[in-house]
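# Understanding the architecture of this molecule
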Amino acid sequence: PSMSEDESFDAIVIGAGVIGAAVAFELGKRGWSTLNVDKLPSSGYGSTSNSCAIVRAHYSTFDGVAMAYEGFSYWKDWPNYLEADDERGLALYHQCGTLLFMVEGGHHEKVRPMFDEIGVPYEVWDTDVLAERFPFFEHGVHGEPSRPEDDRFWEEPEGEVMGVIFTPDSGYVSDPQLATHNLQRAAEAQGGVFRFNTEVVDVRRNGNRVAGITLADGTRVDAPVVVNVAGPHSFVINKMAGVYDSMNIKTKALRHEVHHVPSPPGIDYERDGIHTSDADLAIYIRPESGNNILIGSEDPACDPQVWVEDPDDYDDQVSDAQWNAQVLRLARRMPSLGVPPDKKGVVDLYDVSDDWIPIYDRTDLDGFYVAIGSSGNQFKNAPVAGHCMAELIDAVEGGHDHDADPVRVTGVYTGLEMDMGFYSRNREINENSSFSVNG
């Protein structure tokens with residue numbers, strides 16, 4: 001149905017990816033009438049559809065770990081959380097666990113104290129336990145990550161990893177697009193409206209207050225609150241709204257590749273595999289359907305970063321160089337892998353913030369909010385981010401001065417307190433961040 005000229009809502013959400021759908025659902029539960037607009041044909045169709053959908057908690061900051069650990073419970077409780085059916089069925093959470101490889105001076109040194117403080121369950125395994133549980137991994141330390149064209153890549157490892165930290169509650173969501181559709185149905189059950197193939201061309205204001213949006217066909221839709229959840233297009237929308245320059249932390253689009261390789265002979269990685277984070281080789285892997293292994297990059301300094309000026313125009317073909325680098329890195333950890341002849345994978349964009357930590361905040365334009373800069377690692381946090389954004393919007397619209405006194409949100413499942421000031425647009429660059437998708 002086309003929108004009537006005088007249609008209005010309590011809130012317009014720009015974007016119907018996993019976080020946009022979650023924001024609408026959470027606002028709907030609080031009695032807000034919402035409209036999600038997305039220029040793609042269906043929810044979760046953009047960068048969400050190509051998310052690795054990994055659910056893990058090993059971040060390098062207290063707030064990062066707290067939000068992710070809170071997120072575990074949403075995925076475990078998915079049918080109850082949604083309170084709504086989906087004719088397509090519900091996304092499944094595969095709780096395979098995570099192995100975080102430990103090397104001297106590595107990421108685990110920041111992570112483990114956070115796990116202790118927050119109460120994230122974990123076990124420390126030495127290489128003997130690792131060999132017993134997952135005999136196909138070798139244990140070498142390969143030094144500063146490099147690329148196969150560098151002679152150093154092929155040198156023998158020096159010494160062994162210290163072991164791994166195993167977190168049993170983590171895993172991945174099998175179908176990120178379906179999970180988004182589930183949230184759309186949940187939002188619609190609260191009265192939310194979704195419009196697809198609908199492009200925003202202007203964010204209108206009345207003085208210093210947002211007034212609504214204008215669509216490509218000239219339709220104007222009014223709302224006192226507009227939330228930018230446009231993923232890799234977020235900077236485009238912020239420029240439309242006139243808030244891009246006033247934010248201390250900016251976002252931009254980064255091209256990224258993940259690859260799919262068949263499991264080695266005799267191994268059913270889809271059934272028996274696990275999510276690993278291997279900073280020594282700068283890769284992460286997880287089981288993938290069809291008895292494949294998904295390989296992603298942890299963005300080592302040696303890998304080129306391809307920033308994209310126009311998120312509607314980028315090279316979406318798997319590149320030989322990155323395929324070789326990522327598959328050969330895994331082959332070092334998993335010697336029985338072999339390098340398959342067919343290059344399979346997914347190329348998409350990350351909406352990357354300056355410190356790879358998202359921006360969940362208000363802006364200098366009253367009523368205009370952002371849930372952006374997810375930096376390729378916030379799929380797991382989508383329902384928590386939806387809850388936090390709804391709490392923040394409720395508070396600010398009720399007169400709370402969030403910039404002076406940041407809203408604190410209590411986790412529904414864990415009771416952990418999440419300081420929304422951590423995700424402020426005006427924060428200084430967070431030096432504790434890992435500046436990578438691994439966060």
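One structure accompanies this document, and this report is about it.

What counts and what doesn't
- Sequence order as written defines the numbering, with residues in each chain counted from 1.
- Owing to the predicted nature of the model, reporting of local features is limited to residues with pLDDT of at least 70; listing and counting of side-chain atom pairs is limited to 80 or more, with chain, interface and lining totals taken over all residues.
- Values reported for side chains reflect all heavy atoms of the structure, with hydrogen atoms and water molecules removed beforehand.
- Here a helix means four or more residues in a row that DSSP labels H or I, a strand means two or more in a row labelled E, and each is numbered from the N terminus.
- Residue burial considers only the protein chains on display, and all accessible areas are found by Shrake-Rupley using a 1.4 Å probe.
- Charge assignment in this entry is limited to Lys and Arg as positive and Asp and Glu as negative, and neither His nor the chain termini are counted.
- Throughout, a charge is located at the NZ atom of Lys, the CZ atom of Arg, the CG atom of Asp or the CD atom of Glu.
- We call two strands paired when DSSP finds no fewer than two bridges between them.
- Between N-to-C directions, angles span 0 to 180 degrees; the directions come from axes that are lines fitted to C-alpha atoms, helices contributing only their stretch in contact.
- Each angle is binned into one of four classes, with values under 35 degrees roughly parallel, values over 145 roughly antiparallel, values of 65 to 115 roughly perpendicular, and all other values oblique.
- For any pair of crossing helices, the crossing counts as left-handed if the nearer helix is rotated counterclockwise from the farther one by less than a right angle, and right-handed if it is rotated clockwise.
- Contacts between residues were defined by any pair of non-hydrogen atoms, one from each residue, lying within 4.5 Å.
- Amino acids are sorted into nonpolar (Ala, Val, Leu, Ile, Met, Phe, Trp, Tyr, Cys and Pro), charged (Asp, Glu, Lys and Arg) and polar (every other residue, Gly among them).
- Exposure classes here rest on a 1.4 Å probe applied to the protein chains alone. A residue is buried below 20% of its type maximum, exposed above 50%, and partly exposed in between.
- The span expected for a helix works out to 1.5 Å for each residue beyond the first.
- Salt bridges, as used here, are contacts in which a Lys or Arg side-chain nitrogen is within 4 Å of a carboxyl oxygen on Asp or Glu.
- Here a polar contact is taken to be a pair of N or O atoms separated by no more than 3.5 Å, where protein atoms must pair a possible hydrogen donor with a possible acceptor and residues adjacent in sequence count only if both atoms sit in side chains.
- Residues belong to a common nonpolar core when they are buried Ala, Val, Leu, Ile, Met, Phe, Trp, Tyr or Cys residues joined through side-chain atoms within 4.5 Å.
- Planes of paired rings set the category: under 30 degrees apart is stacked, over 60 is edge-to-face and the rest tilted, where pairs are Phe, Tyr or Trp rings (Trp by its six-membered ring) whose centres lie within 6.5 Å.
- Throughout this description, the term charge over a ring refers to an Arg CZ or Lys NZ atom that lies within 6 Å of the ring centre and within 35 degrees of the ring normal.
- The arc in question is the one spanned by the directions pointing from the helix axis to the C-beta atoms.

### Points about the overall build of the chain
- Secondary structure assignment for the chain yields 10 helices and 23 strands.
- C-alpha extents for the chain along the principal axes are approximately 65 × 45 × 45 Å.
- Carbon and sulfur atoms provide 45% of the accessible area of the chain, an area that totals close to 16,900 Å².
- When the 33 positive and 73 negative side-chain charges of the chain are each reduced to one mean point, those points stand 2 Å apart.

### A short note on the sheet that holds strand E8 (residues 171–173)
- With antiparallel pairing, the 3 strands of this open sheet are ordered in space as E3-E8-E4. Strands with a single pairing partner mark the edges of an open sheet, and in this sheet they are strand E3 (54–55) and strand E4 (93–94).
- For E4 and E8, the ladder comprises 2 bridges, and the chain directions are antiparallel. If you follow Tyr-93 over to E8, its bridge partner there is Val-173.

### Re the packing of helix H2 (residues 62–76) against helix H4 (residues 108–118)
- The interhelical angle for the contact between H2 and H4, taken along N-to-C directions, is 55 degrees, at an axis separation of 10 Å. Between H2 and H4, the interaxial angle falls into the category oblique. Seen along the crossing, H2 lies across H4 with a hand that is right-handed. Contacts between H2 and H4 involve Phe-62, Val-65, Ala-66 and Tyr-69 from the former and Met-114, Phe-115, Glu-117 and Ile-118 from the latter.
- Considering only residue class, the contact of H2 with H4 consists of 7 nonpolar, no polar and 1 charged.

### Some points on the pairing of strand E19 (residues 345–353)
- Taking burial as the measure, the 9 residues of E19 include 8 buried ones, the bulk of the element.
- With 9 bridges joining them, strand E14 (residues 251–262) and E19 adopt antiparallel strand pairing. Counterpart to Val-258 in the pairing with E19 is Val-346.

### Some points on helix H6 (residues 176–189)
- With 14 residues, H6 should reach 20 Å at 1.5 Å per residue; the first-to-last C-alpha distance of 20 Å fits that figure.
- Counting buried positions over the 14 residues of H6 gives 10, a clear majority of the element.
- Among all positions in H6, only Pro-176, Leu-178, Ala-179, Thr-180, His-181, Asn-182, Leu-183, Gln-184, Ala-186 and Ala-187 are buried.
- Where the residues of H6 are buried, they touch helix H1 (18–29), H2, helix H3 (78–82), E8 and strand E9 (193–195).
- Gly-191 lies just past H6 and shows a positive phi near 100 degrees.

### So, the sheet that holds strand E11 (residues 209–215)
- One open sheet accounts for 3 strands, arranged E10-E11-E12; its pairing is antiparallel. With partners counted over all chains shown, the strands left at the sheet margins are strand E10 (200–206) and strand E12 (220–222), one partner each. Strand after strand, the sheet turns through a mean of 30 degrees between neighbouring axes, direction not considered.
- Note that E11 and E12 share 3 bridges and pair antiparallel. In the strand pairing of E12, Thr-214 is matched with Arg-220.

### Topic: the side chain of Asp-299
- Tracing the backbone shows Asp-299 in the loop between strand E17 (292–297) and strand E18 (306–308).
- The buried charged residue Asp-299 lacks any salt bridge, with Arg-329 as its nearest oppositely charged partner at 8.8 Å.
- Within polar-contact distance, the side chain of Asp-299 engages the side chain of His-256 at 2.8 Å.

### A short note on the nonpolar core
- The biggest cluster of nonpolar side chains holds 69 residues, and the ones touching the most others in it are Ile-19, Val-173, Leu-183, Val-227 and Tyr-360.
- Examining the composition of this core, we find that 9 residues originate from one element, helix H10 (residues 382–397), more than from any other.
- Not counting residues up to four positions away in its chain, the partners in contact with Ile-19 are Val-229, Tyr-360, Ala-371, Ser-374, Gln-378, Ala-382 and Ala-385.
- Of all hydrophobic cores here, the second largest spans 26 residues; its members include Trp-125, Ile-285, Trp-323 and Met-334.

### So, the packing of aromatic side chains
- Summed over the entire model, instances satisfying the criterion amount to 19 aromatic pairs.
- Pairing Tyr-74 with Tyr-81 gives two aromatic rings, centres 4.8 Å apart and planes at 85 degrees, and the pair type is edge-to-face. Of the two residues, Tyr-74 and Tyr-81, both sit in the buried class.
- An aromatic cluster is present here, built from Phe-25, Tyr-74, Trp-75, Trp-78, Tyr-81, Phe-379 and Tyr-413 joined pairwise through their rings.
- Taking the ring centre of Tyr-244 as reference, the NZ or CZ of Lys-239 above it sits at 4.7 Å.
- Over the ring of Trp-307 we find Lys-252; its NZ or CZ atom is 4.3 Å from the centre of that ring.

### Digging into helix H7 (residues 234–241)
- Along H7, the residues that are buried comprise Ser-234, Phe-235, Ile-237, Asn-238 and Ala-241. The buried residues of H7 occupy an angular sector of 160 degrees when projected down its axis, which confines them to one face.
- In this fold, the buried residues of H7 make contact with strand E1 (11–14), E10, strand E13 (225–228), E14, E19 and strand E21 (368–372).

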